[in-house]
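# Architecture and fold: a report
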Amino acid sequence: LYPLGGAEETAGYKGYGLAMFVEILCSVLSGAAIGPSVQPWLASREGHIDYGHCFIVIDPARFTSGFDERLSSYMKAMRSLPGNVNIPGDPERAFEIDAYKNGVILHNPVAATLKNLAKRYEVEIPLAFENIDVSISKKSLYAR
C-alpha cells in the first residue's frame, strides 16, 4: 500500500480521492465553480473568481476526554520515529525561527516590487535592496 497520495509520480488514487472529497465539500456543496470551470488565480483570468469554501468545526470534547494530552503524546511519538519525521507545521515553525534570526527570504521579483513600491510611496529603502534590479518587478501593481 502506498501512503496517502500514493507514488509521487502519479499522486496516487488516494490523493485524487481526497482532492475530490475536498472539492465536493468546498465547491459542489457551496454552489461554486467545479473542476475545470474554476478560474486560475491570475490577474489575467477571463471571468470572476467563483471559489467555494467549507469550514468544519469539531469540538474534541464531544468525542472523548483528554484530547490535548492524547494529541501531544501522538505528536511526540511521531517526531521520535526513526529518520527526519515532521508533522504538519514543523517546517513552517523552523522557517519562522530562521526568519526571526536571519531575516525573511525574498525572491528577486518580490524584492524588486517592494523596492518600486517604496520609491513610489517615498519610503526609505533598506541598504540590502541597493543592488536589486527594479525592471523585474510586476508592472501590473503600478496601474493607477
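Up top is the structure these notes are about.
Residues numbered from 1 in each chain as written. Predicted model: local features only at pLDDT ≥ 70, side-chain atom pairs only at ≥ 80, totals over all residues. Heavy atoms only, no water.

### Side note on the overall build of the protein chain
- A count of helices and strands for the protein chain gives four helices and zero strands.
- The secondary structure elements of the protein chain, listed N-terminal to C-terminal, are α-α-α-α.
- In the protein chain, buried positions account for 15% of the 144 residues.
- Long-range pairs, those at least 24 residues apart, make up 22% of the contacts in the protein chain with a sequence separation of at least 6.
- Carbon and sulfur atoms provide 61% of the accessible area of the protein chain, an area that totals close to 12300 Å². (Helix = DSSP H or I, 4+ residues; strand = E, 2+ residues; numbered from the N terminus. Buried < 20%, exposed > 50% of the residue type's maximum accessible area, 1.4 Å probe, protein only. Contact = heavy atoms within 4.5 Å. Areas by Shrake-Rupley, 256 points an atom, 1.4 Å probe, with all protein chains shown as cover.)

### Focus: the side chain of Ser27
- Relative to the helices and strands, Ser27 resides in helix α1 (residues 12-28).
- We classify Ser27 as buried; its relative accessible area is 8%.
- In this structure the side chain of Ser27 is engaged in a polar contact, spanning 3.2 Å, whose partner is the backbone oxygen of Ala33.
- In contact with Ser27, not counting residues within four places along its chain, are Ala32, Ala33 and Ile34. (Polar contact = N/O pair within 3.5 Å; in protein donor to acceptor, adjacent residues only side chain to side chain.)

### Some thoughts on the pattern of salt bridges
- Tallying each qualifying case throughout the model produces three salt bridges.
- Residue Asp90 is joined to Arg79 by a salt bridge in which the shortest nitrogen-to-oxygen separation is 2.7 Å. Note that Asp90 is positioned in helix α3 (residues 90-102) and Arg79 in helix α2 (residues 67-79), a separation of eleven residues in sequence. (Salt bridge = Lys/Arg side-chain N within 4 Å of Asp/Glu carboxyl O.)

### As for helix α4 (residues 108-120)
- The terminal C-alpha atoms of α4 lie 18 Å apart, and with 13 residues this matches the ideal 18 Å at 1.5 Å per residue to within 8%.
- Buried within α4 are the following residues: Ala111, Ala112, Thr113, Lys115, Asn116 and Ala118.
- Backbone geometry just after α4 places Glu122 at a positive phi near 55 degrees. (Expected span 1.5 Å × (residues − 1).)

Note that every value here comes from positions in space, so none of it alone points to a role or purpose.
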